[in-house]
There are 2 protein chains.
Amino acid sequence: MPRSPTPRRRATLASLAAELKVSRTTISNAYNRPDQLSPELRRRILAAAERMGYPGPDPVARSLRTRKAGAVGLMITESLNYWFSDPAALDFVAGLAESCEEAGQGLLLVSIGPNRSVEEGSGAVLAAGVDGFVVYSASDDDPYLAVVRQRQLPIVVVDQPKDLPGCSRVGIDDRGAMRGLAEYVLGLGHREIGLLTMRLGRDWPHPKPRPAVADPQRVESPHFHVQRERINGVCDAMAAAGLDPAALTVVESYDHLPTSGGAAAEVALAANPRITALMCTADVLALSAMDYLRAKGIYVPGQMTVTGFDGVREALQRGLTTVAQPSAEKGRRAGHLLHHPPGSGLPVIEVLDTEVVRGRTAGPPA
Amino acid sequence: MPRSPTPRRRATLASLAAELKVSRTTISNAYNRPDQLSPELRRRILAAAERMGYPGPDPVARSLRTRKAGAVGLMITESLNYWFSDPAALDFVAGLAESCEEAGQGLLLVSIGPNRSVEEGSGAVLAAGVDGFVVYSASDDDPYLAVVRQRQLPIVVVDQPKDLPGCSRVGIDDRGAMRGLAEYVLGLGHREIGLLTMRLGRDWPHPKPRPAVADPQRVESPHFHVQRERINGVCDAMAAAGLDPAALTVVESYDHLPTSGGAAAEVALAANPRITALMCTADVLALSAMDYLRAKGIYVPGQMTVTGFDGVREALQRGLTTVAQPSAEKGRRAGHLLHHPPGSGLPVIEVLDTEVVRGRTAGPPA
DNA sequence: GTGAAAGCGCTAACAC
DNA sequence: GTGTTAGCGCTTTCAC
């Protein structure tokens, strides 16, 4: 079999046109507007393309001309480990990917781990050939936020930051949802509660990367308002029940490993041995805490109540008492907002529903 | 605070140059080669850019000029559900993403579910602004294979198809790995084995989308050779043990749901009640089969041996006897091959190591 | 149904 | 250090 002729210089639309002695428009039409030329001519063109090894119109050149990249970017400013170990984040990506697929668009993962310099990271954001960006759960002071905004492309924020001028957002009522769950836990009779949360800020005010008790001031630090809102939800419920929210033991986890929740639980229980309920701001933390408690021989819910947040599959399977939020739907909505921007041109805030799931991990205090 | 002036027409490098009465090269240099101009001038340029709302060099135009897109594409021709519910696939993506991040490149997910027409799908592949493609575990007759190849970009294949001319590949010795596991199972004394596998071809030769026994001819169908190789690995072990490989009950699962393995197990046990060991070509199938057996009151490994393949986290946690393969490393290698192509220009085949993990789910037959 | 001309926004040679 | 000149490969009026 003869090898197809591989010209030095790659074939372009223009070279094809020259070869066939037709105009470039005609070639372009053969690919983009089949109805604009005779089927016969089109066939001839496509055959010649094949013969000359012309791969079809260059997507980049087309993008430049049409001002459409055909893809949306997803900024990932946390470490990839974080992302790929949080089922809720993955569900979100799945939903977003689904929406992109439906719209025939690509999804460009722009990931900039903490090991990259801000310069490198900015380069990646600036280099992304996309028509818009999704920002997922970024801290208010994320240095890359300014960079995406600089691009002057449509942005859809998911969860946080809460107020990015001109940007649509999809999220949930974190505070209300957590309050609902806390009311349930308080209703069971718990008074000493440990609250296990993800990192509250990009910085880490302790010498070691281990979980640590967060003082009220740290809790009020504005950087990851989703975590703060969930904490506030618990405080709301406590205040409503006549309890002092200051009694809450908040433990913040530095990283996001499968064992982080357990480590945080240990710190919480050491800080306040009278705790009878561990409320976590993420299912992954709660599941890990449960593993830790089991290893310690502490029975759940008999000796310790544990709750989560997210409603990921594993949590529901294991009967975790938690708040279920529609992570995949968030992704779909975010994609939709980018692919079909609201006619008004005005930013939209979509708040999705959540549901308290009464599982088998919460009971009356021992 | 005054709003920044938002000109009708978006600022471009040229308009900035005109405004500042310098050449476009100088502006370009201010962004790309800071050492090529005086810091003072650069500062002035950047300030003017800020003032005029110039977002920096357009990535698409730059790509056209430099012939570099700064991203690699990942073709996803299975349904997204499939991808996001298989931890092994996710580990792979995580590894690939890691490698992209390291190289400062983007990762473009080009997903074309089974619900898209081939035309739509081809459009997506043809429209991807990337410097190369990763093809992950595609069937030999995947219609999009021809489309990616048409792009004439570097391609790295992961797992399958096995022979894509001119393309590097990273994979494992599926047959040998599975043979090793089967030898262990046979060594325990099992003689009647059920083999649960993913779909063997893109087509589905049965009326209903339920698991079904695959006849030898179907097993030999060439489309997903990874599955076939793993099956052959078991056959090898059986033949070496003096058993007739034809006695193997192969059940093929149509879809990839959390319950698929259980459904397949049911079909296998119905087809051959004497089965004492269920070997699965993926951990997700095995875990689901275990759930099914538990629900049926069949004790593992006392009454039934179950094995998997992949070595995903949940499987290891649950003590599944399986073959561990380095999924994330596959992703990293694939990315590396794309970002740092071998000097020779010749395609490379990388075969990574696997390991039989003797867990707690295999024992002597009852 | 087909073609000519204009230009998307940028960077790379090369000259000054 | 800075400017001039040429495109990268394509699509899009608009005229024929």
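Analysis parameters
Residues numbered from 1 in each chain as written. Chains lettered and ligands numbered in written order. Predicted model: local features only at pLDDT ≥ 70, side-chain atom pairs only at ≥ 80, totals over all residues. Heavy atoms only, no water. Helix = DSSP H or I, 4+ residues; strand = E, 2+ residues; numbered from the N terminus. Rg over C-alpha atoms; globule rule 2.2 N^0.38 Å. Areas by Shrake-Rupley, 256 points an atom, 1.4 Å probe, with all protein chains shown as cover. Lys, Arg positive; Asp, Glu negative; His and termini not counted. Charge placed at Lys NZ, Arg CZ, Asp CG, Glu CD. Near = heavy atom within 4 Å. Polar contact = N/O pair within 3.5 Å; in protein donor to acceptor, adjacent residues only side chain to side chain. Phe/Tyr/Trp six-rings, centres within 6.5 Å; stacked < 30°, edge-to-face > 60°. Lys NZ or Arg CZ within 6 Å of the ring centre and 35° of its normal. Contact = heavy atoms within 4.5 Å. Buried area = accessible area lost by both parts, 1.4 Å probe. Salt bridge = Lys/Arg side-chain N within 4 Å of Asp/Glu carboxyl O. Buried < 20%, exposed > 50% of the residue type's maximum accessible area, 1.4 Å probe, protein only. Pairing = 2+ DSSP bridges. Least-squares fit on C-alpha atoms with pLDDT ≥ 70 in both. Axes fitted to C-alpha atoms, helices over the stretch in contact; angles between N-to-C directions. Domains from an automatic or database assignment. Arc of directions from axis to C-beta.

Under an unreviewed UniProt entry, chain A has the name Periplasmic binding s and sugar binding domain of LacI family protein and belongs to Mycolicibacterium hassiacum.

Undergrad: Would you mind going over the overall build of chain A with me for this structure?
TA: When its secondary structure is counted, chain A shows 15 helices and 13 strands. A compact globule built from 366 residues should have a C-alpha radius of gyration of about 21 Å, whereas chain A, at 26 Å, is more than 25% larger. With the C-alpha coordinates of chain A rotated into their principal frame, the extents come out at 85 × 50 × 40 Å. In the form shown here, chain A has an accessible surface area of approximately 16,500 Å², with 52% of it arising from carbon and sulfur atoms. The distance from the centre of the 40 positive side-chain charges to the centre of the 40 negative ones in chain A is 9 Å.

Undergrad: When you look at the protein's contact with DNA strand C in this model, what are you seeing that I'm missing?
TA: The immediate surroundings of DNA strand C are formed by 32 residues, with Thr25 of chain A together with Leu13, Arg33, Tyr54 and Arg65 of chain B found nearest. Here the atoms of DNA strand C within 4 Å of the protein split so that 64% fall in sugar or phosphate, with bases taking the remainder. Here a phosphate oxygen of DNA strand C sits 2.8 Å away from a polar atom, N or O, in the main chain of Ser23 of chain A. Contacts to DNA strand C include Arg65 of chain A, whose side-chain N or O atom sits 3.1 Å from a base nitrogen. For the surface near DNA strand C, the secondary structure elements donating two or more residues are helix 2 (24-32) and helix 4 (59-66) of chain A together with helix 1 (13-20), helix 2 (24-32) and helix 4 (59-66) of chain B. Top contributing element to the surface near DNA strand C by residue count: helix 4 of chain B, with 5 residues.

Undergrad: What am I meant to see in the packing of aromatic side chains here?
TA: Here a ring pair, both rings aromatic, is described through the centre-centre distance and the interplanar angle of the planes. Residues and elements named next belong to chain A. Per the counting criterion, the structure on display carries 8 aromatic pairs over all chains. An aromatic cluster is present here, built from Trp83, Phe92 and Tyr136 joined pairwise through their rings. Its guanidinium or amino end placed over the ring of Phe309, Arg230 lies 3.8 Å from that ring's centre, counting from NZ or CZ.

Undergrad: Could you clarify how one ought to interpret the interface of chain A and chain B in this entry?
TA: Accessible area lost when the parts come together is the quantity often used to give the size of an interface. If you look at the interface, chain A gives 41 residues, while chain B gives 41 residues. Between chain A and chain B the total buried area reaches about 3,500 Å² when both faces are included, carbon and sulfur atoms providing 57% of it. Run the count over chain A and chain B and you get 2 salt bridges. The partner of Arg67 of chain A in a salt bridge is Asp58 of chain B, and the shortest N-O contact between them spans 2.6 Å. Taken together, the connections running from chain A to chain B amount to 13 residue pairs in polar contact (both at pLDDT 80 or more). Those elements that provide at least two residues to the side of chain A that touches chain B are helix 4, helix 5 (80-85), helix 6 (87-102), strand 2 (106-111), helix 7 (118-127) and helix 14 (313-317) of chain A. Take the side of chain A that touches chain B: its biggest share by element is 7 residues, from helix 6 of chain A.

Undergrad: Honestly, the pairing of strand 6 (residues 193-197) of chain A in this entry has me stumped. Any pointers?
TA: Moving residue by residue along a regular strand, the side chains alternate between the two faces of the sheet. Residue and element names in this part refer to chain A. Counting buried positions along strand 6 yields 5 of 5 residues, so the element is predominantly enclosed. By the alternation rule, side chains of strand 6 split into Ile193, Leu195 and Thr197 and Gly194 and Leu196, which are all buried. In terms of strand pairing, strand 6 meets strand 9 (residues 277-280) through 4 bridges, oriented parallel. By the bridge assignment, Gly194 is partnered in strand 9 with Leu278. As paired elements, strand 6 and strand 8 (residues 249-252) share 4 bridges and run parallel to each other. Pairing of Leu196 across the sheet is with Val251, part of strand 8.

Undergrad: How do you make sense of the protein's contact with DNA strand D when you look at a structure like this?
TA: Taken together, 31 residues lie around DNA strand D, and Leu13, Arg33, Tyr54 and Arg65 of chain A together with Thr25 of chain B are the ones closest in. Measuring from a phosphate oxygen of DNA strand D, one finds a side-chain N or O atom of Asn32 of chain A at 2.8 Å. The contact in question runs from a base oxygen of DNA strand D to an N or O atom on the side chain of Thr25 of chain B, over 2.5 Å. Broken down by secondary-structure element, the contributors of at least two residues to the surface near DNA strand D are helix 1 (13-20), helix 2 and helix 4 of chain A together with helix 2 and helix 4 of chain B. Considering every element that reaches the surface near DNA strand D, the biggest residue donor is helix 4 of chain A, with 5 residues.

Undergrad: Explain the relation of the copies chain A and chain B here, please?
TA: Between the two copies of the chain lies a rotation about an axis combined with a shift along it. The operation relating chain A to chain B is a screw motion whose rotation component is 180 degrees, with 0.0 Å of axial translation and a residual RMSD of 0.1 Å. These values place the two chain copies in the arrangement generated by a two-fold rotation axis. In terms of proximity to the rotation axis, the leading residue of chain A is Leu108 of chain A, whose C-alpha is 2.1 Å off the axis.

Undergrad: What's the story with the sheet that holds strand 10 (residues 305-307) of chain B in this structure? I'm lost.
TA: As a general point, the strands of a sheet are linked pairwise by backbone hydrogen bonds and lie either parallel or antiparallel. All names here are of chain B. Across the sheet, 5 strands lie side by side as 7-8-6-9-10; this open sheet has mixed pairing. At either margin of the open sheet sits one strand with a lone partner, and together these are strand 7 (212-213) and strand 10. Contacting strand 6 (193-197), strand 9 (277-280) and strand 10, helix 13 (residues 283-296) runs over the sheet at an angle of about 155 degrees to strand 10.

Undergrad: Would you explain the environment of Val267 of chain B in this entry?
TA: Residue and element names in this part refer to chain B. Following the sequence through the fold, Val267 ends up in helix 12 (residues 260-271). Each C-alpha atom, one on Val267 and one on Ala212, is 6.7 Å from the other, the two residues being 55 residues apart in sequence. In this structure, Val267 is in contact with Pro211, Ala212, Val213 and Val251, ignoring residues within four places of it in sequence.

Undergrad: Any chance you could explain the side chain of Thr281 of chain A here in plain terms?
TA: Residues and elements named next belong to chain A. With respect to the element layout, Thr281 can be found in the loop between strand 9 and helix 13 (283-296). Residue Thr281 is classed as buried on the basis of its relative accessible area of 1%. For Thr281, the residues in contact, after removing those within four places along its chain, are Leu195, Leu196, Thr197, Met198, Gln227, Arg230 and Phe309.

Undergrad: Explain the domain arrangement of chain A here, please?
TA: Residues and elements named next belong to chain A. Domain annotation for chain A reports domain 1 (71-172 + 330-352) and domain 2 (174-327). The C-alpha centroid of domain 2 is placed 27 Å from the C-alpha centroid of domain 1. With 23 residues of domain 1 at the interface, the matching set in domain 2 holds 18 residues. Carbon and sulfur atoms supply 53% of the area buried between domain 1 and domain 2, which totals about 1,900 Å² over both sides. Our enumeration of links across domain 1 and domain 2 arrives at 2 salt bridges.

Undergrad: Is there a simple way to explain helix 2 of chain A in this structure?
TA: Residue and element names in this part refer to chain A. Where helix 2 is concerned, the buried positions are Thr26, Ile27, Asn29 and Ala30. Viewed along the axis of helix 2, the buried residues span an arc of 160 degrees, placing them on a single side of the element. Turned more than 90 degrees off the buried face of helix 2, the exposed positions are Arg24 and Thr25. Against helix 1 and helix 3 (39-52) lie the buried residues of helix 2. For helix 2, the N-terminal cap is Ser23; the gap from its side-chain oxygen to the backbone nitrogen of Thr25 is 3.2 Å.

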